[in-house]
Amino acid sequence: MELQPGREAVVRVAVATLWSCPEAVRPVDGPALSARTDIAAWISGMDTDQQVGDCVLSQLMLGERVLVTELRPDGWAHVVAVEQPAPRLHPCGYPGWLPTEQLAPVAVDPEADPLVVDATVTALRDAPGGAELLSGVILGTRLIPAGPAVDGWQPVHAPGHSAPLWLPAGDAVPVPTAPPSAEEVLAVAQRLVDVVYVWGGVSAYGIDCSGLVHLAWRRLGVLLPRDASDQATVTTPVPLGAERPGDLYFFARPGRRIHHIGIVTADPHPGDDRRMLHACYLQRRVLEERLPDERTATLVGVHRV
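Bear in mind the structure is a predicted one, so any value in this text is a computation, not a measurement.

Definitions and cut-offs
Residues numbered from 1 in each chain as written. Predicted model: local features only at pLDDT ≥ 70, side-chain atom pairs only at ≥ 80, totals over all residues. Heavy atoms only, no water. Phe/Tyr/Trp six-rings, centres within 6.5 Å; stacked < 30°, edge-to-face > 60°. Buried < 20%, exposed > 50% of the residue type's maximum accessible area, 1.4 Å probe, protein only. Lys NZ or Arg CZ within 6 Å of the ring centre and 35° of its normal. Pairing = 2+ DSSP bridges. Helix = DSSP H or I, 4+ residues; strand = E, 2+ residues; numbered from the N terminus. Salt bridge = Lys/Arg side-chain N within 4 Å of Asp/Glu carboxyl O. Core = buried A, V, L, I, M, F, W, Y, C linked by side-chain atoms within 4.5 Å. Contact = heavy atoms within 4.5 Å.

Caption draft 1: Local environment of the packing of aromatic side chains. Taken as a whole and assessed by the stated rule, the structure comprises 3 aromatic pairs. Consider the rings of Tyr249 and Phe251, whose centres lie 6.5 Å apart with planes at 65 degrees: the pair is edge-to-face. Per residue, the accessibility class of Tyr249 equals that of Phe251, and both read buried. Between Arg72 and the ring centre of Trp97, over which it is positioned, the NZ or CZ distance is 5.2 Å. The aromatic ring of Tyr281 is capped on one face by Arg284, whose charged end is 4.6 Å from the ring centroid.

See the structure below:
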């Protein structure tokens, strides 16, 4: 089976980066473009300005579904990431470009219920304790089990691999079926404290503000849109002052679209002492902090998932 426009495909690399256009790719982006991506090397190889370049739109996880809309002869595919809602941009998901070799045709859906990676980063191996075939598989990745665990190792199906691959059984857990609690969401997000800020990032290697929110809920079985302004449209406003941990703070400048989002980490105190966990563009990392005055000045609402 081959990739075809108008049909779905799946990501076959640990983390695929979604680009604004093939021509926007820079020399520094090589490690993110190959058939075996190295996202850690890619991010560490960029300077702070390159880490916030607008050529990157988002990132996709191993096994994530896309709708292929165009295949170019130079090895690029235009896709719509159907598991990253973006109603402002496309009714089916987030549109952008990927190297064609980072995609695989959709196989027949196995009957087993999926697992979700709970390790911050893990690797898939050719046998229990064997050689790594796919390193850098990230938190929130969904995997289809290929049978029961054996001696602490879980076999899974992986796109582009005919034989099952293996990871430590504790690194993947059943996908939750009940709505997550605020404590569970915050526990996921807090594991990413100090991760570097990367525009378009959705991983423990680098992440942006809406990517952090998308990933925290996605790990727990809730699919939120990819961008902050769209995240505001699918969540429920609550009165300022009535927020509680796990709610979302939204920020916008006068007359502009929402540009920033954070996860509430504490009940508000007298004197508007508010706290949030967020991927901070200004400090270029994920941190938990009291809202500084410049954030409070642009706080436009509180929403609940």
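Caption draft 2: Representation of the pairing of strand β1 (residues 8-11). Judged from the 3 bridges that link them, β1 and strand β4 (residues 65-71) form a sheet pairing that is antiparallel. The partner of Ala9 across the bridge, within β4, is Val66. Of the strand pairs in this sheet, β1 and strand β7 (residues 103-105) are connected by 3 bridges, and their pairing is antiparallel. Across the sheet, Val11 pairs through a bridge with Leu103, a residue of β7.

Caption draft 3: Summary view of unusual backbone geometry. Residues other than glycine seldom take positive phi values, yet Asp151 does so here, at roughly 50 degrees. Among the secondary structure elements, Asp151 is positioned in the loop between β11 (142-145) and β12 (153-157). Accessibility expressed as a relative area gives 74% for Asp151, which makes it exposed. Of note, the phi angle at Arg284 is positive, near 60 degrees, even though the residue is not glycine. Considering the arrangement of structural elements, one finds Arg284 in the loop between β20 (275-280) and β21 (285-290).

Caption draft 4: Here's a closer look at the environment of Ala41. Along the polypeptide, Ala41 turns up in helix α1 (residues 39-44). According to the relative accessible area criterion, Ala41 is partly exposed, its value standing at 32%. When the C-alpha atoms of Ala41 and Gly30 are compared, they prove to be 9.5 Å apart, with 11 residues separating the residues in sequence.

Caption draft 5: Fine view of the pattern of salt bridges. Here the structure, examined in full by the defined rule, presents 18 salt bridges. A salt bridge links Arg65 to Glu8, with the shortest nitrogen-to-oxygen separation between them at 2.9 Å. In this pair, Arg65 is assigned in strand β4 and Glu8 in strand β1, connecting sequence segments 57 residues apart. Of the charged contacts, one joins Arg275 and Glu288 as a salt bridge, the two residues approaching to 2.9 Å between their closest N and O atoms. One end of the pair, Arg275, is in strand β20; the other, Glu288, is in strand β21, and 13 residues separate them in sequence. For Glu288, a relative accessible area of 33% translates into the label partly exposed. Three or more residues are tied together by salt bridges with common partners; here these are Glu8, Glu64, Arg65, Glu83 and Arg218.

Caption draft 6: Molecular detail of the nonpolar core. Counting residues in each nonpolar core, the largest one holds 45 residues, and the members touching the most others are Trp19, Trp42, Ile207 and Trp217. Broken down by element, the residue count for this core peaks at 6 residues, all from helix α3 (residues 209-219). When residues no more than four places from it in sequence are discounted, the contact partners of Ile207 are Leu192, Val195, Val196, Tyr197, Val198, Gly201, Val202, Leu212, Leu215, Ala279 and Val286. Within the second largest apolar cluster, 16 residues are counted, among which are Val11, Ala16, Val79 and Leu98.

Caption draft 7: Broad picture of the pairing of strand β6 (residues 94-99). When you tally the buried positions in β6, you get 6 out of 6 residues, the bulk of the element. The side-chain alternation of β6 yields two buried faces, one formed by Tyr94, Gly96 and Leu98 and the other by Pro95, Trp97 and Pro99. Of the strand pairs in this sheet, strand β5 (residues 76-81) and β6 are connected by 6 bridges, and their pairing is antiparallel. Each bridged residue has a counterpart across the sheet, and for Trp76 the counterpart in β6 is Pro99.

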